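Structural characterization, general
Spelled out from the first residue to the last, the chains are:
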Amino acid sequence: MPESAEPGDVLARRHRRCASALADFSLLVVEEHTTLSRADAALEVDRLVRLVLEELHAAETTVLDALTGTGRRRSAARLLGGRLDRLRRAGSEVGAAMRAGDVLALRRVVTRFDALSRAACAVQLDVYGSAARSSYRGAPPGPT
């Protein structure tokens, strides 16, 4: 990504990549007639889970960078970091269900992983938006 890109543009790009990986992920998991073996499908699921996590982590960094020098950065880091940790655990559960061949568990954890991913994006956008609004209005930083 170009260094001159605005943080909001960088965040939007990260979220688009995350959404694309989530779409591929969902298609792979729900497709009944795949040409992949279970082992290959598990590797692809792992790759897509990693991609979602990497994009959301990079997006989190963008949000936190926008809060540098404010009193809100530490609390935002805790909030966003907690969401990413929950998502990592859900990603591990997806891999375990995929390897076990447990279709019901897989559907449940895929739904959870997708919901947590989308929620992480929404929270990142909200935190970033509040930081942008505060800097635009020249408001003093909030409490830590």
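Use the structure listed above.
Our subject in this report is the structure included herewith. None of the values given here were measured: they were computed from a predicted structure.

The rules we used
Residues numbered from 1 in each chain as written. Predicted model: local features only at pLDDT ≥ 70, side-chain atom pairs only at ≥ 80, totals over all residues. Heavy atoms only, no water. Helix = DSSP H or I, 4+ residues; strand = E, 2+ residues; numbered from the N terminus. Buried < 20%, exposed > 50% of the residue type's maximum accessible area, 1.4 Å probe, protein only. Contact = heavy atoms within 4.5 Å. Polar contact = N/O pair within 3.5 Å; in protein donor to acceptor, adjacent residues only side chain to side chain.

The helix and strand inventory of the chain stands at 4 helices and 0 strands. In the chain, the order of α-helices and β-strands from amino to carboxyl end is α-α-α-α. The buried share among the 144 residues of the chain stands at 40%. Within the chain, contacts between residues separated by at least 24 positions form 73% of all contacts whose residues are at least 6 apart in sequence.

Within the secondary structure layout, Thr62 lies in helix α2 (residues 38-66). Its relative accessible area of 13% is what places Thr62 among the buried residues. Excluding its chain neighbours within four sequence positions, the residues that come into contact with Thr62 are Pro7, Val10 and Leu11.

What follows concerns the environment of Gly95. Inspection of the secondary structure assignment puts Gly95 in helix α3 (residues 73-100). Between the alpha carbons of Gly95 and Glu44 there is a distance of 9.9 Å; along the sequence they are 51 residues apart.

Looking now at the environment of Glu44. Mapping Glu44 onto the fold places it in helix α2. The partly exposed category is assigned to Glu44, whose relative accessible area is 25%. Put simply, Glu44 and Phe25 are 19 residues apart on the chain and 8.3 Å apart in space, counted from C-alpha to C-alpha. Within the local environment of Glu44, its side chain forms a polar contact with the side chain of Arg47, the two groups lying 2.7 Å apart.

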